[in-house]
Amino acid sequence: DAGVIQSPRHEVTEMGQEVTLRCKPISGHDYLFWYRQTMMRGLELLIYFNNNVPIDDSGMPEDRFSAKMPNASFSTLKIQPSEPRDSAVYFCASSGGYGYTFGSGTRLTVV
Amino acid sequence: DQQVKQNSPSLSVQEGRISILNCDYTNSMFDYFLWYKKYPAEGPTFLISISSIKDKNEDGRFTVFLNKSAKHLSLHIVPSQPGDSAVYFCAASALVQGAQKLVFGQGTRLTINP
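All of the points below concern the structure found in this document. Only a predicted model underlies this, so the values are computations on that prediction, with no experimental measurement involved.

Right, let's get into the side chain of Glu44(A). All names here are of chain A. Along the chain, the position of Glu44 falls in strand S5 (residues 42-50). With relative accessibility at 18%, the residue Glu44 sits in the buried group. Among residues more than four places away in sequence, those in contact with Glu44 are Trp34, Tyr35, Arg36 and Thr38.

Residues and elements named next belong to chain B. With respect to topology, 5 strands assemble into an open sheet ordered S1-S3-S8-S7-S6, the strand pairing being antiparallel. Two strands lie at the open edges of the sheet, namely strand S1 (4-5) and strand S6 (56-59), each paired on one side alone. In this sheet, strand S3 (residues 19-25) lies alongside S1 in antiparallel orientation, the contact comprising 2 bridges. Note on S3: the bridge partner recorded for Val4 is Tyr25.

Moving on to the interface of chain B and chain A. Taken together, the contact pairs 21 residues of chain B with 21 residues of chain A. Between chain B and chain A the total buried area reaches about 1,700 Å² when both faces are included, carbon and sulfur atoms providing 51% of it. For the chain B face of the interface with chain A, the top three residues by lost area are Gln100(B), Lys101(B) and Phe104(B), together amounting to 27%. The tally of links between chain B and chain A comes to 1 salt bridge. Asp56(A) is the salt-bridge partner of Lys101(B), the closest N and O atoms lying 2.6 Å from each other. Taken together, chain B and chain A are joined by 5 residue pairs in polar contact (both at pLDDT 80 or more). If you list the elements that add at least two residues to the side of chain B that touches chain A, you get strand S4 (32-38), strand S9 (86-96) and strand S10 (99-104) of chain B. In terms of residue count, the dominant contributor to the side of chain B that touches chain A is S10(B) (5 residues).

Let's shift gears to the pattern of salt bridges. Following the criterion strictly, the structure yields 10 salt bridges over all chains and no others. One salt bridge connects Arg41(A) with Glu44(A), and the closest N-O pair in it is separated by 2.9 Å. Across the pair Asp84(B) and Arg61(B) runs a salt bridge, and its minimum N-O distance is 2.8 Å. Note that Asp84(B) is positioned in the loop between strand S8 (72-77) and S9 and Arg61(B) in the loop between S6 and strand S7 (62-67), a separation of 23 residues in sequence. Assessed through its relative accessible area of 2%, Asp84(B) is described here as buried. One connected set of salt bridges, linked through shared partners, spans Glu62(A), Arg64(A), Glu83(A), Arg85(A) and Asp86(A).

Cysteine pairs can be covalently joined through their sulfur atoms, and such a bond is termed a disulfide. Residue and element names in this part refer to chain A. A complete count under the given rule lists 2 disulfides over all chains for this structure. Here Cys23 pairs with Cys92 through a disulfide, and the sulfurs are 1.9 Å apart. Measuring the twist about the S-S bond at about -65°, one finds the Cys23-Cys92 disulfide to be left-handed. Of this pair, Cys23 sits in strand S3 (residues 19-24) while Cys92 is found in strand S9 (residues 88-95), placing the two residues 69 residues apart along the sequence. For the pair Cys23 and Cys92, one class covers both residues: buried.

Conventions we followed
- Residues numbered from 1 in each chain as written.
- Chains lettered and ligands numbered in written order.
- Predicted model: local features only at pLDDT ≥ 70, side-chain atom pairs only at ≥ 80, totals over all residues.
- Heavy atoms only, no water.
- Helix = DSSP H or I, 4+ residues; strand = E, 2+ residues; numbered from the N terminus.
- Buried < 20%, exposed > 50% of the residue type's maximum accessible area, 1.4 Å probe, protein only.
- Contact = heavy atoms within 4.5 Å.
- Pairing = 2+ DSSP bridges.
- Buried area = accessible area lost by both parts, 1.4 Å probe.
- Salt bridge = Lys/Arg side-chain N within 4 Å of Asp/Glu carboxyl O.
- Polar contact = N/O pair within 3.5 Å; in protein donor to acceptor, adjacent residues only side chain to side chain.
- Disulfide = S-S within 2.5 Å.

Following this line, the structure appears as structure tokens:
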């Protein structure tokens, strides 16, 4: 089991550009969560999916953020257009109903 | 609106002594509490948890205490070791639409000094 896999590990982009973060959950896990880590707010839940269906996206900060889960083994978080205040570490986690397994995160820097 | 708060951004403890990390929450619907540990460039990993029906759970050097009336929990590490240096996140769980939804605090950076 390779765990939750996120790509890229690091992303540096210019303000206004589109950014896509990717996540492959653990096989068999039916819940997938996207979190953002900042110094001020710690780990914030952005959105989560159950069986590929978005359940709660109330944590998505703005319409610039969108997330999809086209199948059980892949999810994306897109920011368009990106802004410097989006700079943070973005984590994906999956769960089989009890306990979360996190990926290693994507460190996003928007300049 | 921060439902789970860790008011100490950092803590420094001497090796061998006890480390105490604190966490407060506001939502009485939370029924499970967890601590996660995070090393640099890695994702958070589960450390220890406690159900709301208990007031203490122990696992080796790690003990979590829960005071429901005060809506407060703490993590005790004794004795502290250099490898314990990491960021610790407190999390509270509520069952929402069949999912265990975790709400995390801001994290406390623990540094163990030799």
